[in-house]
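This is what each chain is made of:
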Amino acid sequence: MTNTELAEKINGYLKGSKAKAKKYEDLVVANFTILEEDGDVYVEVKDGVLTVAPYHYDDLQVNVTGSAENIDKLFAGEIAFAKACLLYTSDAADEARSV
């Protein structure tokens, strides 16, 4: 899955959150780096506007690195954030052992 495809899926998952974002007047940014793809997706709430885009965001507050599959599952609500982090840690450990 490309970063553009993932951004479209995340935008769909967050469609209902756009009304909630209008109440938020600050800035929150999370960047998601896709392991198997040379690309990123960022999710931003700024001045009450929710934005999802297939780009890297330089002035980010948090960066999450994982497979497109796990990032998709995270936004779909299929796995919790802690579980996604554990899956990534486990995958990274397996990869390190195979080197």
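On a predicted model such as this, the values are computed, not experimentally measured, just so you know.

*Asks:* Could you clarify how one ought to interpret the nonpolar core in this entry?
*Replies:* Nonpolar side chains tend toward joint burial in soluble globular proteins. One finds Ile10, Phe32 and Val43 to be the most contacted residues of the largest nonpolar core, which totals 18 residues. Among the elements of the structure, α1 (3-13), β1 (27-34), β2 (39-46), β3 (49-53) and α3 (68-76) are those that each provide at least two residues to this core. With 4 residues, α3 is the single largest residue contributor to this core. For valine 43, the residues in contact, after removing those within four places along its chain, are Ile10, Leu14, Val28, Val29, Ala30, Phe32, Leu50, Thr51, Val52 and Phe75.

*Asks:* What should I look at first to understand the packing of aromatic side chains in this one?
*Replies:* The relative placement of two aromatic rings is captured by the distance of their centres and the angle of their planes. Taken as a whole and judged by the stated rule, the model has 2 aromatic pairs. For the pair phenylalanine 32 and phenylalanine 75, a centre-to-centre distance of 5.1 Å together with 70° between the ring planes defines the contact as edge-to-face. Taken as a pair, phenylalanine 32 in strand β1 and phenylalanine 75 in helix α3 lie far apart in primary sequence, 43 residues in all. Taking the centre distance of 4.9 Å and the plane angle of 55° together, the rings of tyrosine 42 and tyrosine 57 count as tilted. Remark: tyrosine 57 occurs in the loop between β3 and β4 (62-66) and tyrosine 42 occurs in strand β2; sequence separation between them is 15 residues. Looking at tyrosine 42, the relative accessible area reads 13%, which means it is buried. The class of tyrosine 57 is buried, set by a relative accessible area of 16%.

Calculation criteria
Residues numbered from 1 in each chain as written. Predicted model: local features only at pLDDT ≥ 70, side-chain atom pairs only at ≥ 80, totals over all residues. Heavy atoms only, no water. Core = buried A, V, L, I, M, F, W, Y, C linked by side-chain atoms within 4.5 Å. Buried < 20%, exposed > 50% of the residue type's maximum accessible area, 1.4 Å probe, protein only. Helix = DSSP H or I, 4+ residues; strand = E, 2+ residues; numbered from the N terminus. Contact = heavy atoms within 4.5 Å. Phe/Tyr/Trp six-rings, centres within 6.5 Å; stacked < 30°, edge-to-face > 60°.

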